[in-house]
Structure formats: C-alpha cells, structure tokens
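Here is what each chain is made of, one letter per residue.
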Amino acid sequence: MGRSFYFVVLLYFLSSLSGCSGSSLNNPYPKGDEAKTILYSSFSQRPKHLDPAQSYSSNEITFTGQIYEPPFQYHYLKRPYSLIPLTAEDVPSPLYFDKDGTEITGADPAETVALSVYTIKIKPGIRYQPHPSFARDTEGKFLYHNLSDQALERIDTLSDFPKTGSRELRAEDYVYQIKRLAHPRIHSPIYGFMSEYIVELKDFGTQLREAQKKGAAFLDLRDFPLAGAEVVDQYTYRIKIHGKYPQFLYWLAMPFFAPVPYEVDRFYAQAGLAEKNITLDWYPVGTGPYMLTTNNPNLRMVLERNPNFHGEQYPMEGEPGDRAAGMLEDAGKPLPFIEKVVYSLEKEDIPIWNKFLQGYYDSSGISSDSFDQAVRISETGNTDLTEEMKSKGIRLLTSTAASTYYMGFNMLDPVVGGGHPSARKLRQAIAIAIDQEESISIFQNGRGMAMQGPLPPGIFGFKEGEAGINRRVYDWIDGKPKRLPITAARQLLAEAGYPQGRDEKTGQPLILHFDTTGTGPEAKATFDWLRKQFEKIQVQLVIRNTDYNRFQDKMLKGTAQIFQWGWNADYPDPENFLFLLYGPNAKAGKNGENAANYSNKEFDTLFDRMKNMENGPERQRIIDQMVEVVRRDVPWVSGFHPQRFGLFHAWYGNIKPNLMANNTLKYAKVDPHLRTQQQGQWNKAVWWPLWVGGMLLLLGTLPAIRSYRRKERGISEHSWQRNLQ
Amino acid sequence: MTAYIVRRLLYAFPILIGVNLLTFLLFFVINTPDDMARLHLGGKRVTQEAVDKWKADHGYNKPLAINLSAQGSGKLTETIFFEKSLRLFFFDFGRADDGRNIGADIRQRMWPSLAIAIPGLLVGLFVNVTVAMLIAFFRASYIDTWGVIVAVAMMSISSLFYIIGGQFLFSKMLRLVPISGYDGGLNAVKFLILPVIIGLIAGVGTGTRWYRTIFLEEIGKDYVRTARAKGLSELTVLFGHVLRNALVPILTGVVVVIPLLFLGSLITESFFSIPGLGSYTIDAINSQDFAIVRAMVFLGSFLYIIGLLLTDISYTWVDPRVRLN
C-alpha cells in the first residue's frame, strides 16, 4: 500500500491511455495466459470438504470428481447411464452366498442372499499425483512424516514443501478409504447408511472410537482389520456386503470409494499442519487427471493436469446422434484436453453473468434475472437463444435433471394424512387444483417438467407420453396431458366431506397449513399464487413461515402439514427415488428420507421386491404398480423435474450434459485462440464518456471560478474603500 | 494518561464478556447444536448417531450455560459458553465448524479488507474535505444550495445501487476495469480501483454534508472574523485557520473507524468477490458457524473499544487543552 499502490494505479491508467496494454483492461486474468488451454469457471460457496470420505455436496464433487478415482465411472456419452471401469479392470458381478455360506446365483430370491461379495481388480501402473507425503530421503524414509516445530515454521501452504514424491496405486488404498468412512475423527455422511451394508463396518467404527479414546494421536487403519473390506493382493480387493444390494456398484463410482493411501493419512495427521489449515479436507491427493494446485477457497481454486495421470482415451462410441453433433470428433484421443481450470469465487449472479458475456467465463447457467436476455420462448413453447446470444456464437444445452421437487403431505397429519378414503380424496382434489404447469411457467421460466410420478426422466421405470401420465390428475388430449377440470377437484372435495371448502359436520371452513422457510419477495409471490390455487376449491391456505432450523425440527417430529421437498439422484436407479416413499424410511421418528412419512404395506412389499431386481420387464411391471399406488394415495402433489439450461461459448467443446458423472472435465476442450480473439472484440475500452464527463466538470467549475474572483475582488475593493475612509 | 489507558482497558473486559454473552444467547436462541450439526453434515442420509458424534467432536454436547450434573464450579465451567468463550480473551479463536483455523483465516483475509478500506478512507477523506470546503467557501450561494441538494440526493441512494450501477457503467459499458475479482500483490490494483471509486462516490454525499456543517460552524467563530479583518484572502482563512481548527472533530471521527477497517465491508466484498473479513462474516452467518460469528463479533467489539480509546488519545494530540485523567 501507500506510494507503490498509487504508482501502480497511475501506471495502469497511463498504459491504458497510451494503448500499451496487451489485453483488454477489464480482463481479470493475468497476461500471458491467453494462449493456454485454460478453462475459466466460478464457484459461489467455498467447498466445506474435499476429503472423499466427507464430500457429498455438488459444489465439492466438482473438485473431488476430477482428482479422485473410484474404481468405476459412468460412460460419458451413452444413455441410459452405464457403469464402466475407471481404475478397475472391469465392472465385476458379485458372488452371492446364503446364510449357510453356500454360493447361490443372482437369480435366486433376494431374501435368500445373506452376503454379496465384490472382488475388484485394479489396473497396474496407476500413480498418484506428486505430493510431499510420498517424498523420501536417500535412505527411503519419509521426509515429511515427522515434522519438527522448526520445519513447520517454514510451511504455510502445501507448495512450501520443497520435495514431492509419488507411488503406484494399490488395492490397499481402496480398503484404507473404506475404513476411513468409520473413522471417529471424520464425519462421513454415509457411514451410518453403509454400516447397514458393509460387513462389520459398524463394529469397526466402535473399535476405532475405543482406540481413539485411549489417546492415540494417529490411528493407522492398516492395523485394524475389517471383514467387509479386505486386500486380496497388490491389485485386488474384496468388499462384502449384507444381503443383496445391486445399487452398491453405483456407490463405487463415487469419491467416497476412491483410494486414500496410508502415507497421505499419516502426513496430514500431524497436528502442526492442521493448525495451518493443511489437511486432506483442503488438499486432496488422487490419481485423477487433475490435481488441486491452488486452494484458496476465499479467492480461487486451480486444478492443473496431473503429470502422473495414467492416461485415458476419449470414448469411441456414444448414443445415436452424438457423431452428428460432433461429440465423437475426438474419439480415441488422450485425455484430458484442458491443462488448467481456474475457479474464481463469485458471490453474486450479476458479475458472473456479465463476465460470461464478456467472454471471461466459458460457460454459465441462466438466473431468472438474465433469462429474458438469454432465452426466448416461441409461441409453440420451443426455447431458443436470443439474437444477442446467437451473435456471440453462444450455444444453449438443456437437460432435465434427475431430480424431483414436490409438495408433500405429512401423512401423519389428522386432516391431510392417513389412508382413509376421505383424506385421500382431499389430497386428490388438491393435486388437481394446483396448476403445476402454470407454476413452472411463472416461477421457473418454463424450465421444468410437471411430475407424473416419483421417477424423473432418465431413470429406469419412467414412462413418457400417454403411457406415463397420471390419470388421476390428467387427461390425454391432442397428444399432450391436460389437467382435469377444477369441477373434478370440487367433486372430490365434496366426497371427502368438505363441500364448498367447509367441513360438512361442523360447517367450519377447511384451513390447511403450508410449512416453509421461504422469505423475500419471490417467496411471497409463490405463496400468493399457492393460496389462489387452494382458493379454486375454496380451501384456505395459511402459510407457516419459519426459519430453516425450526422447519427441520417440524419435519423430524412430523408436525408439519404441507411442505415442499426435493431429491437429487445419487445414482440412476429407481430405488433411489422410490425409497423416498418406503415406510420404514420415514422422517418422523426414524430419521429417514421419507419426508411425507408415507406408509403403505402394498407399496412397501413391492419396493422390497423391486429394489434388488435387475432392470427388465418384470421390474418395470412392479414399478408401474408402485407408481400407481402413489398416484392413488397422493402423498406428493404438484411436483416437477427441473430443466437445466447451460450456456456455452463457441470455443468450449465436447459438452454433453451427464447428470450422473462427476468427472466430466477431462472430456471438455477449449480453443484459446478463438477465445482471445472474441474477448478482444467484445472488450475494447470506451474512453470518450470519461473525456466528455471531465469536460463537463471543467465547464461546471467555470461559474464557480468566476464567482470566486468576483468575491475576492469584492473583498479587496471593500478593504480598499475602508482603508480610504 | 497511562493510568487512564489501563483503566479503559480494564473496563473493556466486562463489555467484552457482555457482548460475548449476548452473541451466545442470540445465536443459540435460534440454533440448537443439533441444528448446527445437521446443517454441517448435509441434507442427505444424516443419522442421529452422526449428529451426536459431530456435537461431541465439536464440543457442543454439553449444556449451554449451566451444567446441573457437574459439581462445584463445574456447573459453570463445563458448559459450551464457558469453554468456547474463555480462550477468546487470549485471542485463540479456535477452529471453524468445518475444521479450519479461524485465526489463520482472519490473518489471511484482513489484507484484502484493508486493501479496499485504507485507500477508500484516505481518498474519501481528501475528496470529502475538499468538496465540503468548496461548498463552505461558496456558502449561501447557488453552489452551496445545489451542493447540499446533490449531497442529500447522493446519501439517500442505496450503496447497492452505486455498486451495481458502477459495475454496469465502468466494467460492462466502458470496459475499463474488471467487474469483480481479486489477486495478490500489486495485481490487486486493477480489482481495487472500481470498489474504491464506488465507495468514494457512495460516501461523498454523507461526508460532504458532515464536513460542511463542521466548517460552517468554525467559519462563524470570532477568530475567523478577526482573520478576515486582517485582510487575509478567503482561501487563506479557510485553509490556514478554519481547516486546522476543524481538524479536531474530523480527526476523531476518522480515528474511531481505523481499527474497524480490518473488519471489511459486507456488501462491497460480496459484490466484488473480494475475500475479506466482511464476506467471511456473512458466510459464517449463512452457514451457522457459531465459532466464526463469535470470533468476528468479539474482534469487532475489541477493535471498537480500541478505536474509542485511540479517539480519546487523539484529542490530546490535536488539542493540547485536553487532558486524560
């Protein structure tokens, strides 16, 4: 600060005035990076966890997905989503055993399966990114595993370690990470869930807690055997899970099951490093195509190509239409294409959007504020880019998310809940009355698809067209679903015992309560709209607005009445959505994910059969039955599957929305020359308004100067006359 | 004066304890440790066991303020309030709920806050004083009238408008500076120009009005009339006499805010993506990170007390008649 600051400010303006500036003045990036294949993106919230045992949020997996390599991954281009090997040799089929330990086949009834065993072979020759935890001295001892206080004084970030090392990926690293899920120091969000499946994981966690209580500063997990995860040989490991759980393979494509070597755990366990915020939670170590070289979550995070990456090729095949769309132009080429990715912290939507338009971000979502500037919707309902976007060569890619957002009824509630026909009819009436299509049009800018059942598109079991509509709410007219008339809703309401919105026994108006955390003008508009929907059937809706914590409390206690909720897919299997309505999974009392506390024996029985089945006609038939039960009982209404709109500049290629994979960065490519050229064209500085403003200011001071002179003259004349007197 | 300073510092202890208690009460009235655990563990597949484990690991598994199951002084000391508060007085801020060292984060993030605040303060002071002097010089003329009208108009506009308008005009339309961002060292300059200018424009209305009032008050005093009677030019009177005497309230007003410059600006840092302490506090409030909120409130209170103390001391520097007893 001080003199040097003002000197640089002066230099900045002088260089810009004289035209010496090599790049645009508003370019936020350093000079010299223009020709590099760097991808520029942003993040709005600093990731809380980058430790693969803890990281679960999408903003965290953006990073961990590129760094860590679980054994499997999703095919980038093929649909429906399919698992392919990543570090594994192949995707194994599990071996099944009954309770006597006898091997049985997958065709045997699921309830006879007591144990599933997955044997995973990994590819040899895969190496970790360079990292100080692997660095050794000439005697082969680790250089930085016992740092002295003196050595720690010189360390502020990971890059302060002068030496790094690497080693080959081993099967034991995968086993080590599975053990870490139960570590008492690490709060893995899936520990409780996985304890139900991975053999002895729960006991293993207890064992670790006991060991930690005895005062162990570092727990070397290799010393604690776990029956559910064992090393077979250097490149093979085995996972044993209780019962049959085919969806377990999808979990093995998530960073939770990526390898963490012992050396890394030992290195980061040093107390002095944690004091300096140098932990595995902030400096991940993996075998993936990228490594995190700058981790300043307060400012910028940078991924750079891992020099030890084992190599992978761009897919040779995709789904029909991919070749025509140019998605296979790079087939067989080595990955990754981009050498560096810079994520800058941006808190607000407006700067992100403007920087995207200036070419300083390579892609952008579309906020509701900028929707009209970016997208136009034709009279036929088709979405297209505006001329402004087209003139910049921007492309729009849309995809329907594997997510479901819905309004739910608390099925424990005495008025709207329960399986009694009158309550069911009340819910059916509300389902017809709430015009979800209108809601999507008003509040989502048309970016959504009205829900016909719990399953979103892209998930096995979802049915399109007439076969997939909810006949209790829609008719199929002129090739599209049409909501039943409001008279049907009123009729149902009367049958439910509330003719014209009044209790037929007491004559009192029916008042329902909507529990929410929404605040602000946008939420108020939504509430007003919602009240009007209920008014269509003469039912009064009271908004019970509380803060997030109180709302969560109500949901856990089962005291809410009507609420909004949502779910994003963990993996592409119908089980991951239908379990949200499974009775034993209720939120109230059982802390599960069934927020509506829905419980129906028929549904639960069908779910138990369906969850372990392979996709096929029989599974589809059961899913159809389950969906029909849900449509009849109506625990959810007014749901939708959001559509994601993404804008991409012309220089950003190989982009295909993949809602399951989180390691897609390695397939993307950028053309830095086109980007630099376009940025130059779009960002020429405009100086003349400043000159005009300066001139006007000068002109504005002239009367003041004249006034000053007159005043001074007046004073001196006055003094002169006084002197004369 | 030393006795005075020591006494004031001792007064600070009960104030800080009170502030800490108030923060604690306000925070835990709306957040239970269970709520905090659930927010940090995420929305999916969180078991009660995981919640309990999180609370135990973060020291939130004890009673809030009184531990009835403890013996003797343990009733007070074996509580969340005592355990979380005591070390603040040694400036040990502990760890955030995500495990990061708060002290290290504060040390890192205070520099960007200062990088905006110091030039903003200095340039703002210079411009505000100059404009106020000019208006005072042309007092009772149309320049004075219009100056006050413009100042009132400018101080009536939300700072958010200046920020968004400034980004639109200077970055989007004229393309002279980056819209947002930050960098280390001298590279920070191009990112600081716009927030400093916008801060200056947003504050010029209030500053000008305040300083104009001070100058007009001084101008009406006898020594100014005497100076004019000596035949001094109006400029000499203003800069040589009025400004010097008006410095007392100006200086004290500035000194009191100097320690608070560390805390940064909440809105400016957020819109310009500047990783200072203002955005740190906002993030902590949004993520219900009590450890950071408590540390920042404590730091803010402490700095404010220091600011007030410095103000008192500065009185003795600028006005030799003032003695601190």
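Criteria and thresholds
- Residues numbered from 1 in each chain as written.
- Chains lettered and ligands numbered in written order.
- Predicted model: local features only at pLDDT ≥ 70, side-chain atom pairs only at ≥ 80, totals over all residues.
- Heavy atoms only, no water.
- Helix = DSSP H or I, 4+ residues; strand = E, 2+ residues; numbered from the N terminus.
- Rg over C-alpha atoms; globule rule 2.2 N^0.38 Å.
- Buried < 20%, exposed > 50% of the residue type's maximum accessible area, 1.4 Å probe, protein only.
- Contact = heavy atoms within 4.5 Å.
- Areas by Shrake-Rupley, 256 points an atom, 1.4 Å probe, with all protein chains shown as cover.
- Pairing = 2+ DSSP bridges.
- Domains from an automatic or database assignment.
- Buried area = accessible area lost by both parts, 1.4 Å probe.
- Axes fitted to C-alpha atoms, helices over the stretch in contact; angles between N-to-C directions.
- Phe/Tyr/Trp six-rings, centres within 6.5 Å; stacked < 30°, edge-to-face > 60°.
- Lys NZ or Arg CZ within 6 Å of the ring centre and 35° of its normal.
- Core = buried A, V, L, I, M, F, W, Y, C linked by side-chain atoms within 4.5 Å.
- Patch = residues over 30% accessible without salt bridge, like charges linked within 9 Å, V, L, I, M, F, W, Y side chains within 5 Å.
- Salt bridge = Lys/Arg side-chain N within 4 Å of Asp/Glu carboxyl O.

Visitor: Please explain the overall build of chain B as it appears in this structure.
Guide: Summing up its helical and strand segments, chain B has 14 helices and 0 strands in all. Starting at the N terminus and ending at the C terminus, chain B contains elements arranged as α-α-α-α-α-α-α-α-α-α-α-α-α-α. For chain B, the C-alpha radius of gyration of 25 Å lies well beyond 20 Å, the compact-globule estimate for 325 residues. Along the longest, intermediate and shortest principal axes, the C-alpha atoms of chain B span 85 × 55 × 35 Å. Looking at chain B as a whole, 50% of its 325 residues qualify as buried. Considering only contacts within chain B whose residues lie at least 6 apart along the sequence, 68% involve residues at least 24 apart. Put simply, chain B shows about 14,900 Å² of open surface, and 70% of that area lies on carbon and sulfur atoms.

Visitor: Just to check I follow, could you spell out the pairing of strand 10 (residues 300–305) of chain A for this structure?
Guide: Taken residue by residue, a regular strand's side chains alternate between the two faces of the sheet. All names here are of chain A. As judged from the 6 bridges shared by strand 9 (residues 290–296) and strand 10, these two strands associate in the antiparallel manner. Bridge pairing links Asn295 to Met301 in strand 10. If you look at the hairpin formed by strand 9 and strand 10, you'll find 3 residues sitting between the two strands. Across 5 bridges, strand 10 lies against strand 13 (residues 340–345) in antiparallel orientation. When the bridges of strand 13 are listed, Leu303 appears paired with Val341.

Visitor: I would appreciate a short explanation of the domain arrangement of chain B in the present structure.
Guide: Residue and element names in this part refer to chain B. Partitioning chain B into structural domains gives domain 1 (2–90) and domain 2 (111–323). A straight line from the C-alpha centre of domain 1 to that of domain 2 covers 36 Å. In this complex, domain 1 contributes 22 residues to the contact, which on the side of domain 2 involves 19 residues. Taken over both partners, the interface formed by domain 1 and domain 2 buries close to 1,800 Å², and the fraction arising from carbon and sulfur atoms is 74%. Of all residues in domain 1, Arg8, Leu16 and Leu88 bury the most surface against domain 2, accounting for 28% of the area lost on that side.

Visitor: Honestly, the sheet that holds strand 13 of chain A in this entry has me stumped. Any pointers?
Guide: Residue and element names in this part refer to chain A. One open sheet holds the 4 strands; their spatial order is 1-13-10-9, and the pairing between them is mixed. Of all strands in the sheet, those bounded by a partner on one side alone are strand 1 (38–43) and strand 9. Averaged over all neighbouring strand pairs, the angle between strand axes comes to 20 degrees, with direction disregarded. Note: strand 1 against strand 13, 6 bridges, orientation parallel. Counted as the bridge partner of Phe43 is Leu345 from strand 13. Where helix 2 (residues 58–67) meets the sheet, its contacts fall on strand 9, strand 10 and strand 13, and the angle it forms with strand 9 comes to roughly 140 degrees.

Visitor: Sorry, what's going on with the sheet that holds strand 8 (residues 236–242) of chain A here?
Guide: Backbone-to-backbone hydrogen bonds pair the strands of a sheet. The strands run either parallel or antiparallel. Residue and element names in this part refer to chain A. With respect to topology, 5 strands assemble into an open sheet ordered 5-4-6-8-7, the strand pairing being antiparallel. Each edge of the sheet is formed by a strand with only one pairing partner; in this case those strands are strand 5 (103–104) and strand 7 (229–233). For strand 6 (residues 115–121) and strand 8, the ladder comprises 7 bridges, and the chain directions are antiparallel. By the bridge assignment, Val117 is partnered in strand 8 with Lys240.

Visitor: Looking at this structure, how should I read the packing of aromatic side chains?
Guide: Two numbers describe a pair of aromatic rings. These are the distance of the centres and the angle of the planes. Tallied over the full model, the rule gives 55 aromatic pairs over all chains. Aromatic side chains Phe24 of chain B and Phe290 of chain B sit 5.9 Å apart centroid to centroid with 70 degrees between the ring planes, which places their arrangement in the edge-to-face category. Residue Phe24 of chain B is located in helix 1 (residues 2–30), and its partner Phe290 of chain B is located in helix 14 (residues 290–318); the two are separated by 266 residues in the primary sequence. By relative accessible area, Phe290 of chain B is classed as buried at 0%. When the centroid spacing of 6.0 Å and the interplanar angle of 70 degrees are considered together, the rings of Phe91 of chain B and Phe298 of chain B count as edge-to-face. With a gap of 207 residues between them, Phe91 of chain B in the loop between helix 5 (80–85) and helix 6 (102–137) and Phe298 of chain B in helix 14 connect regions that are remote in the sequence. Site record: aromatic cluster; members linked through ring pairs are Tyr56, Tyr74, Tyr81, Phe193, Tyr197, Tyr245, Tyr250, Trp251, Phe256 and Tyr571 of chain A. One cation-aromatic arrangement involves Arg266 of chain A over Phe218 of chain A; the distance from NZ or CZ to the ring centre is 5.5 Å.

Visitor: When you look at the nonpolar core in this model, what are you seeing that I'm missing?
Guide: One broad trend across soluble globular proteins is that nonpolar side chains are buried collectively. Ranked by size, the top nonpolar core spans 166 residues in total, and within it Phe248, Trp251 and Phe257 of chain A carry the most contacts. Contact partners of Phe257 of chain A, with chain neighbours within four places excluded, come to Pro70, Pro71, Tyr174, Gln177, Ile178, Leu181, Ile190, Met194, Ile198, Phe248, Trp251 and Leu252 of chain A.

Visitor: So what exactly am I meant to see when it comes to a nonpolar patch on the surface here?
Guide: Residues and elements named next belong to chain A. Taken together, the side chains of Trp688, Leu690, Trp691, Val692, Leu696, Leu699, Leu702 and Ile705 make up a nonpolar region of the molecular surface, amounting to roughly 830 Å² of accessible area. Tracing the backbone through its elements, the reader meets Leu699 in helix 22 (residues 688–724). A relative accessible area of 52% places Leu699 in the exposed class.

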